[in-house]
Amino acid sequence: MNRVWQLGFLVLMVPSVCLAEVVYSKAATISRFWSWAQTETSVDGDAVLHMDTGLAQCPNGVYIKDTESSSKAYSAALSAYVANKTVRVQVYDDQYWAGSSTPYCKVRAIFLE
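Residues numbered from 1 in each chain as written. Predicted model: local features only at pLDDT ≥ 70, side-chain atom pairs only at ≥ 80, totals over all residues. Heavy atoms only, no water.

A.B. asks: Teacher, can you tell me more about the environment of Ser-79 here?
C.D. replies: Locating Ser-79 in the fold gives a position in helix H2 (residues 71-83). By relative accessible area, Ser-79 is classed as partly exposed at 42%. In this structure, the C-alpha to C-alpha distance between Ser-79 and Leu-112, residues 33 residues apart in sequence, is 9.3 Å. (Helix = DSSP H or I, 4+ residues; strand = E, 2+ residues; numbered from the N terminus. Buried < 20%, exposed > 50% of the residue type's maximum accessible area, 1.4 Å probe, protein only.)

A.B. asks: Help me understand the nonpolar core, please; the structure alone is not making it clear to me.
C.D. replies: Proteins that are soluble and globular tend to have nonpolar side chains buried together. Leu-49, Val-91 and Ile-110 are the most contacted members of the largest nonpolar core, which has 21 residues in total. Elements supplying a minimum of two residues to this core: strand S4 (47-50), strand S5 (61-64), H2, strand S6 (86-96) and strand S7 (105-112). At four residues, H2 tops the list of elements feeding residues into this core. Beyond its immediate chain neighbours, meaning those up to four positions away, Leu-49 contacts Ile-30, Arg-32, Phe-33, Asn-60, Gly-61, Val-62, Ile-64, Ala-77 and Ile-110. One finds Val-43, Val-48, Tyr-63 and Tyr-104 within the second-largest nonpolar core, a separate group that totals five residues. (Core = buried A, V, L, I, M, F, W, Y, C linked by side-chain atoms within 4.5 Å. Contact = heavy atoms within 4.5 Å.)

A.B. asks: What should I look at first to understand the packing of aromatic side chains in this one?
C.D. replies: Given two aromatic rings, their pairing is described by the distance between the two centres and the angle made by the two planes. Enumeration according to the criterion identifies six aromatic pairs in this entry. By way of ring pairs, the aromatic residues Trp-34, Trp-36, Trp-97 and Tyr-104 are connected into one cluster. (Phe/Tyr/Trp six-rings, centres within 6.5 Å; stacked < 30°, edge-to-face > 60°.)

A.B. asks: I would appreciate a short explanation of the pairing of S5 in the present structure.
C.D. replies: Note on strand geometry: in a regular strand, side chains alternate between the two faces of the sheet. By the alternation rule, side chains of S5 split into Gly-61 and Tyr-63 and Val-62 and Ile-64, which are all buried. Where S5 meets S7, two bridges bridge the pair, whose relative direction is parallel. What sits directly across from Tyr-63, in S7, is Lys-106. (Pairing = 2+ DSSP bridges.)

That is the geometry; function is a separate question.
Below, the structure written as structure tokens:
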């Protein structure tokens, strides 16, 4: 009987896990670029890109989480910002930046248009 309950719980949890999606923003320019070196919170090394994403989940921008592999996305974003070039970002629609109550979605990829 215990196994039946465990299986039932698993079946109930699967749909909520599967709701997350990777989505694309509309093409836009980055209006502001914020980057943190060290803070008292968990946002050390993160960068926030302020832009009109066209996404309901994070309409005002996205963030790049500081990881081993984020330097390429960071460089592409900074280059686009300095050159005032249009970008499109691919984000996780359920992962938000911890540094603000304003929702900024986590960047998976960035594309210069």
